[in-house]
Amino acid sequence: MQLKKLFSLAILISTFVSAFAQIDNAVVSGLVRHVQSKEPLPYVNVIVTDGGGSFLTGTITNEKGVFTIEGLSTGDYSVKVSYIGYSEQVLTFHVGRLNSFLDLGTIVLAESATELEGVTVTAARVEVSSKMDKKTFAIDDNLSQQGGSVLQVMQNLPGVTIDRDGKIFLRGSDKVTVLIDGKQTAITGMGSQSGLDNIPASAIASIEIINNPSAKYDASGMAGIVNIVFKKDQEFGWNGKAGLTLGLGALAEKEPNVVGIRDQYRFTPKINPSFSANYKREKTNLFVQADLLYHKQMMKNEFTLRSYNKEEEEKVYQQFLENRTQPIYNIKAGVDYNPNSRNAFTFSTLFNYREYTDLGDIPYDDANGDRLRLWQYFENEVNQTLFATVTHKHSFNQPGHSLVSSFNYSFRRKDEVFYFTNRQYNPNSIGTDTTGLIADENIFDLTVDYSKPLKSGRLEVGTKQRARIFPNNIYFKPGDNSILDLSLAGSAEYREWLSAVYGTYIYERKEFELEAGIRLEYANVDYLVDPNHSVYSSTGFDYIDPFPNVRATWLINDNSRLSLFYNRRVDRPSEKDLRTFPTYASPEILVMGNPNLQPQFTQSVELGYRQSWESGYLYTAAYHRMSTNILTKIVTEVALNLLAQVNQNADKGQNTGIELVLNQQLTSKIRLNANGNIYRNSIGAFTIVNAYPNNVLFIGKEQTIIAGNAKVNLIAKIFKETELQVTGIYLAPDIIPQGKILARYSIDAGLTKKIQNGKGELFINASDILNTLVMRYEIEGTTFNLVSDDYYETQVIRIGYQYRF
């Protein structure tokens, strides 16, 4: 009933709905033959006229009787085929919005005058705003976050929120798959998400948010897919762009330290030089992209109150301060090679190096303010990732008829060492310990995609095969008065094999479009645990399941359309989710994986409606998602002053909501972009057992909340070649399986000016100008409660210059 109400509401507010992009470069092809001999007819005249009969363009058939006409936009047309001594044929056709290629099939000519009935042909197109399955955002348009990381840019995008751990949420869910140039890599996580704060925004051209992926995409990512598109110039000759951004963060103190610990990082420097270039000739295009992002940052400044439910309630106050120094190097290079008109190759490699050094202080005080313990640590972690890909595209004679194959290899090495001291004040003692982790990840990925234009759309089939091996080893070196649990150290290995086949059919008429696909996917994951591990043993999961998707669209008029989506998707636990080793960054709240996790499955339906007008558009969507085996984290008390956060499967959950996106030109110089998302999250009651240290029971209550977020962008042209952008963000309270996250808000701004005849650009921006963004959450356990406020660094000012040559 609630879903019906949401769908009804979506239709009622349809007058506000968003605009469609139109095809402006469709390719129409066909083959002309003799009606009796079936022989191809060369040099036949082919003329295209619009609906009123006015001449638009024309061509002749080649030696094989094939013709190709380019540059048509969405609309109705006629094609006139004529040859001396043969009857003239006229066919009508329609260029739609789902496919840039249209096959008119075989047209026959007879030597006697013969009239043929008109044939209506519909072309499908793949276009962002018309399909309503994804949104694309250019990085250069995000003035307030230029010079930062991809993660910082994404927090300003419509429908996106970022949690305190740096995870992306789409429409209230963090089950998001992140791609780089349409491919999964070890840099951003395989089927999950990681490392987005380690990719400089200066390396990126655009970001795509795909809420309703087709069967071509991997089935993982219940909330959708984020595709990060790297910069790549393809203009002839030498072309390039160079830039430098400088910044300072933590300008104002949000919350002062407790006494007795090292200072917070203040006035933290940010340096981001970038360079990209390409050199293109007739058959080759060489390209390179290089970026450095060096910064210091206060990663955490979290104040937590722990209350234990005992005869005399015990309270522990702690601060978690973490100061980070981090250089990030990012280099991408490659070559496009087109030996002939039918074949194209791309060879490219991406290298990402990121190293960080963390200095941490965690003091623990009692209710009277007396110091109980002081935890201090030094951590150094180095991540080196190499991603290499080879892609071949074979184009058949018919435009749009292609076979694309791609082989990808990804390698990541992680080397981490963690030194810490633990000082007890009563009785007075000092403990010293060391932990380390070494891990090598290898991923082999093969994809093949075949696409064939049809008279009424397009057929696409393909396959994907992936092998992934991820051995890792963690070692513990206990010192004086060690707190390490040595039984949890050792080695483990993650092994994954994924095999999938898929097919998609697109059908289009003038007032109706249909895209239907299915992906059959087999996945097998084995997690091999050290036989000496005290809690877990080797295990894994496998499945073979169909993942269908359907999109049906009704074209109401040239400016409005209604679309209905259905998807079934899966979220597989990542290697980190399964990892059996604890992290001691917060020594009294251990974080552990769980190799017994099972995949989360989700079915979703969505109704979207768009309407455009001369000065803008507004889009709305009503959606409903139903999930089983929800992947989450549960905290339980395992010993005196010791909690453990372990990954678990909860039971069922639902997410129902409405999203609105408005773009309006208010005046000739002011434009408004606004996004709102209101949803109802519900999580069913569940019971789990945390295996560490010895089967701790937790019973979760049923939870429901109305949550949402809103973002407003104002873009104003204030002077010649000068643009100002102001962004406001509000995130409403939301639930997690064991508690809730409280509301938060911030304001960003950016100013840019074109100089040097448009080749140069100066910009200045500031994030969280009022220094108000604080992550607050509450967790309720069986024997304890946690209340936490994290005043981490969010206020940053940057100034930069870039020049295109």
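Attention in this report is confined to the structure presented alongside it. None of the values given here were measured: they were computed from a predicted structure.

### Brief notes about the overall build of the protein
A count of helices and strands for the protein gives four helices and 45 strands. Here the protein has a C-alpha radius of gyration of 29 Å; the compact-globule value for 805 residues is 28 Å, and the two agree. Each of the three principal axes of the protein carries a C-alpha extent, and together these read 110 × 60 × 55 Å. Scored against the burial criterion, the 805 residues of the protein give a buried share of 56%. Put simply, of all contacts in the protein between residues at least 6 apart along the chain, 68% involve residues at least 24 apart. Counting only carbon and sulfur atoms, one obtains 56% of the accessible surface of the protein, whose full area is about 33,100 Å². Positive and negative side-chain charges of the protein, numbering 80 and 87 respectively, have mean locations separated by a distance of 4 Å.

### Overview of the side chain of threonine 656
Relative to the elements of secondary structure, threonine 656 occurs in strand β33 (residues 652-665). At 2.5 Å, the side chain of threonine 656 forms a polar contact with the side chain of histidine 624.

### Points about the pattern of salt bridges
Pairing between side chains becomes possible if they bear opposite charge and their charged atoms approach one another. Tallying each qualifying case throughout the model produces 38 salt bridges. A salt bridge links lysine 254 to aspartate 768; the shortest N-O distance between them is 3.9 Å. You can see lysine 254 sitting in the loop between β15 (237-249) and β16 (268-280) and its partner aspartate 768 sitting in the loop between β42 (760-767) and β43 (775-780), a full 514 residues away along the chain. In this pair, the class of lysine 254 matches that of aspartate 768, namely buried. For lysine 414, the salt bridge goes to glutamate 416, with nearest N and O atoms at 3.8 Å. The pair formed by lysine 414 and glutamate 416 is uniform in burial state, with each residue classed as buried. Taken together, the shared-partner salt bridges connect Asp218, Arg412, Glu441, Asp445, Lys464, Arg466, Arg468, Glu496, Arg519, Glu521 and Arg572 into one network.

### Quick notes on the packing of aromatic side chains
Geometry of an aromatic ring pair is reported as the spacing of the ring centres plus the angle between the planes. Under the definition given, this model contains 20 aromatic pairs. For the ring pair phenylalanine 303 and tyrosine 791, a centre distance of 5.9 Å and an interplane angle of 75 degrees mean the geometry is edge-to-face. Remark: tyrosine 791 occurs in the loop between β44 (784-790) and β45 (796-804) and phenylalanine 303 occurs in strand β17 (residues 284-308); sequence separation between them is 488 residues. A centroid spacing of 6.5 Å and a plane angle of 10 degrees characterise the contact between phenylalanine 547 and phenylalanine 601, whose relative ring orientation is stacked. Placement of the pair is phenylalanine 547 in strand β26 (residues 539-557) and phenylalanine 601 in strand β29 (residues 600-613), with a sequence separation of 54 residues. The pair phenylalanine 547 / phenylalanine 601 is uniform in exposure class, with both members buried.

### Quick word on the sheet that holds strand β12 (residues 176-180)
Strand order in the open sheet made by the four strands is β9-β13-β14-β12, with mixed pairing throughout. With one partner strand each, in any of the chains shown, β9 (134-138) and β12 form the two edges of the open sheet. Shown here is a sheet whose adjacent strand axes are inclined to one another by a mean of 15 degrees, direction ignored. As paired elements, β12 and strand β14 (residues 224-230) share five bridges and run parallel to each other. Its bridge partner lying in β14, isoleucine 180 is registered against isoleucine 228.

### Points about the environment of glycine 249
In this structure, glycine 249 sits in strand β15. C-alpha separation for the pair glycine 249 and valine 796, spaced 547 residues apart in sequence, amounts to 4.1 Å. Glycine 249 has contacts with Arg266, Phe267, Thr268, Lys270, Glu793, Gln795 and Val796, leaving out every residue within four places of it along the chain.

### Comments concerning the pairing of β44
Across the seven residues of β44, five count as buried, placing the element largely inside the fold. Across seven bridges, the pairing between β17 and β44 is antiparallel. Opposite glutamate 302, over in β44, you have aspartate 790 as the bridge partner. Alignment of β43 against β44, held across six bridges, turns out to be antiparallel. Across the sheet, glutamate 780 pairs through a bridge with asparagine 785, a residue of β44. The hairpin formed by β43 and β44 contains three residues between the paired strands.

### Description of the pairing of strand β30 (residues 616-628)
By the criterion of burial, β30 is predominantly enclosed, with ten of the 13 residues buried. For β29 and β30, the ladder comprises 13 bridges, and the chain directions are antiparallel. Within β30, the position partnered with glutamine 611 by the bridge is leucine 618. The hairpin turn running from β29 into β30, its antiparallel successor, is two residues long. Here 13 bridges tie β30 to β33, and the two strands are oriented antiparallel to one another. Among the inter-strand pairings, alanine 622 is bridged to a residue of β33, identified as isoleucine 658.

### Some details on the environment of tyrosine 623
Tracing the backbone shows tyrosine 623 in strand β30. Look at tyrosine 623 and you get buried, because its relative accessible area is 1%. In this structure the C-alpha to C-alpha distance between tyrosine 623 and leucine 607, which are 16 residues apart in sequence, comes to 6.4 Å. Polar side-chain contacts of tyrosine 623 include one of 2.7 Å to the side chain of asparagine 677.

About the criteria used
- Residues numbered from 1 in each chain as written.
- Predicted model: local features only at pLDDT ≥ 70, side-chain atom pairs only at ≥ 80, totals over all residues.
- Heavy atoms only, no water.
- Helix = DSSP H or I, 4+ residues; strand = E, 2+ residues; numbered from the N terminus.
- Rg over C-alpha atoms; globule rule 2.2 N^0.38 Å.
- Buried < 20%, exposed > 50% of the residue type's maximum accessible area, 1.4 Å probe, protein only.
- Contact = heavy atoms within 4.5 Å.
- Areas by Shrake-Rupley, 256 points an atom, 1.4 Å probe, with all protein chains shown as cover.
- Lys, Arg positive; Asp, Glu negative; His and termini not counted.
- Charge placed at Lys NZ, Arg CZ, Asp CG, Glu CD.
- Polar contact = N/O pair within 3.5 Å; in protein donor to acceptor, adjacent residues only side chain to side chain.
- Salt bridge = Lys/Arg side-chain N within 4 Å of Asp/Glu carboxyl O.
- Phe/Tyr/Trp six-rings, centres within 6.5 Å; stacked < 30°, edge-to-face > 60°.
- Pairing = 2+ DSSP bridges.
- Axes fitted to C-alpha atoms, helices over the stretch in contact; angles between N-to-C directions.

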